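# Notes for the structure review
One-letter residues, chain by chain:
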Amino acid sequence: MSQTSSTNPITTVSLGNLCLKNPILTASGTFGYGLEFAPYGNLSSLGGIVVKGLSLKPRKGNPVPRIVETPCGMLNAIGLQNIGVEKFLAHKLPKLPWKETAIIANLYAQTKEEFARLAEILAREKGIAALEVNISCPNVKEGGVLFGQDPDMAAQVTEAVKKNAGNKPVIVKLSPNVTDIKVIARAVEKAGADILSLINTLSGMAVNIYTQKPMLANIIGGLSGPAIKPVALKMVYEVVNCTNLPVIGIGGISTVEDVLEFILVGATAIQIGTANFMRPDKAFQIVEELPRKLAQLNIGSWSEWRGKLKV
Ligand SMILES: Cc1cc2nc3c(=O)[nH]c(=O)nc-3n(C[C@H](O)[C@H](O)[C@H](O)COP(=O)(O)O)c2cc1C
């Protein structure tokens, strides 16, 4: 439980066993390892920090260019560059305010065995509040099919992580690049997921007519930012209504009003991603604005607002 003197009973949320002082988390890959953003605000004021995707071994990521701006959003093909789980635990986690805010590890692997091993390593760490499993990655054993696009594979990864996660809540992060996200959501719920987070980026590409080349060296990337908010909102709404799990909404959130929209359709917490690139103090700003906005709308508790969309 993340508690400090600044804990406000009105903003506190619980996602099963995961209690947060407020529903504002930062999204994986958009907030570094957290420490990079310490100059811009008080890390402890956040509901939680989801760190960059961690793999068993360090990864260099894709060749550049790997980021391109698009109307109301951006495309990225970073390729999961990271320092590896061991270095993160030795050099980054001890410097993070894990007693005051929830530090959530985001797991990236290419086989379910690797996912299981990552979970085993992270489950021992008292500074880690929960594990978020990124299933939007290719399964090399199955010929590059995305784990998150196949309900059986998504369930197998969830089971493998859950088995080794000890008492850490397991969040499964869903991909929007599927025909019906509800099928995957139900499959991972059945396999033991504690919490769902969605959405990851939408597959996309950008090209240059003057060079006749793709804008990203990887050709294809993931679209994020305000452009994807309506898609994310709809998918969160669908998933909230087809499972019994708490949901963390992600996708294009950049204002306190956006936060309230996601909670209105049923999310319990949210993550701020691309908006951190627009303003590095964005998440801190939203945390500060939240109590005022709740007062303005006469919201005295989350139960008066969460899932209360009038349809
Ligand atoms: C540059 C960049 C890197 C990302 N890296 C990861 C990652 O390592 N693991 C992951 O699960 N999601 C990753 N994401 C996806 C985000 O966490 C988030 O799901 C997505 O960007 C949608 O939210 P947004 O529109 O608020 O950015 C990344 C996104 C961006 C823009």
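Described in the following lines is the structure provided in the data block. (Residues numbered from 1 in each chain as written. Predicted model: local features only at pLDDT ≥ 70, side-chain atom pairs only at ≥ 80, totals over all residues. Heavy atoms only, no water.)

### So, the sheet that holds strand E4 (residues 48–50)
Taken in spatial order, the eight strands line up as E3-E4-E7-E8-E11-E12-E17-E18 and close into a barrel, and their pairing is parallel. For this sheet, the mean angle separating the axes of adjacent strands, direction not counted, is 25 degrees. By the bridge criterion, four bridges tie strand E8 (residues 130–134) to strand E11 (residues 170–173) in an arrangement that is parallel. Bridge pairing links leucine 131 to valine 170 in E11. Where helix H8 (residues 282–296) meets the sheet, its contacts fall on strand E3 (24–26) and strand E18 (269–272), and the angle it forms with E3 comes to roughly 175 degrees. (Pairing = 2+ DSSP bridges. Helix = DSSP H or I, 4+ residues; strand = E, 2+ residues; numbered from the N terminus. Axes fitted to C-alpha atoms, helices over the stretch in contact; angles between N-to-C directions. Contact = heavy atoms within 4.5 Å.)

### Side note on the packing of aromatic side chains
Scanning the entire structure with this criterion turns up five aromatic pairs. Their ring planes at 35 degrees and their centres at 5.9 Å tell us that tyrosine 33 and phenylalanine 88 sit as a pair that is tilted. Of this pair, tyrosine 33 sits in the loop between E3 and E4 while phenylalanine 88 sits in helix H1 (residues 85–92), and the two are 55 residues apart along the sequence. Like tyrosine 33, the residue phenylalanine 88 is buried in the burial classification. Ring pairing ties together the aromatic residues Phe31, Phe37, Tyr40 and Phe284, which thus form one cluster. (Phe/Tyr/Trp six-rings, centres within 6.5 Å; stacked < 30°, edge-to-face > 60°. Buried < 20%, exposed > 50% of the residue type's maximum accessible area, 1.4 Å probe, protein only.)

### As for a nonpolar patch on the surface
Judged by side-chain polarity, Met205, Val207, Ile219 and Ile220 come together as a nonpolar surface patch covering roughly 370 Å² of accessible area. Within the fold, valine 207 resides in strand E14 (residues 207–208). Residue classification places valine 207 among the exposed positions, given a relative accessible area of 53%. (Patch = residues over 30% accessible without salt bridge, like charges linked within 9 Å, V, L, I, M, F, W, Y side chains within 5 Å. Areas by Shrake-Rupley, 256 points an atom, 1.4 Å probe, with all protein chains shown as cover. Salt bridge = Lys/Arg side-chain N within 4 Å of Asp/Glu carboxyl O.)

### Quick look at the site of the ligand
In the neighbourhood of the ligand, 24 residues make up the surrounding shell, with Ser28, Lys173, Gly225, Gly252 and Thr274 lying closest. At 3.0 Å, a side-chain N or O of asparagine 106 approaches an oxygen atom of the ligand. A distance of 3.0 Å is found between an oxygen atom of the ligand and a backbone nitrogen or oxygen belonging to isoleucine 199. Bound to the protein, the ligand loses 97% of the 610 Å² it would expose on its own. For the shell around the ligand, the class distribution of residues is seven nonpolar, 15 polar and two charged. (Near = heavy atom within 4 Å. Polar contact = N/O pair within 3.5 Å; in protein donor to acceptor, adjacent residues only side chain to side chain. Nonpolar A, V, L, I, M, F, W, Y, C, P; charged D, E, K, R; others polar.)

### Overview of the environment of isoleucine 121
Relative to the helices and strands, isoleucine 121 is located in helix H2 (residues 112–123). The contact partners of isoleucine 121, leaving out residues within four places of it in the chain, are Leu56, Val85, Glu86 and Leu89.

### Observations regarding the pattern of salt bridges
In this structure the tally under the stated criterion is eight salt bridges. Of the charged contacts, one joins lysine 162 and aspartate 194 as a salt bridge, the two residues approaching to 2.8 Å between their closest N and O atoms. Pair noted here: lysine 162 is in helix H3 (residues 151–164) and aspartate 194 is in the loop between helix H4 (181–190) and strand E12 (195–198), with a separation of 32 residues, a long-range link. Residue lysine 162 is classed as partly exposed on the basis of its relative accessible area of 28%. Taking the shortest distance from any N to any O, the salt bridge between lysine 229 and aspartate 258 comes out at 2.8 Å.

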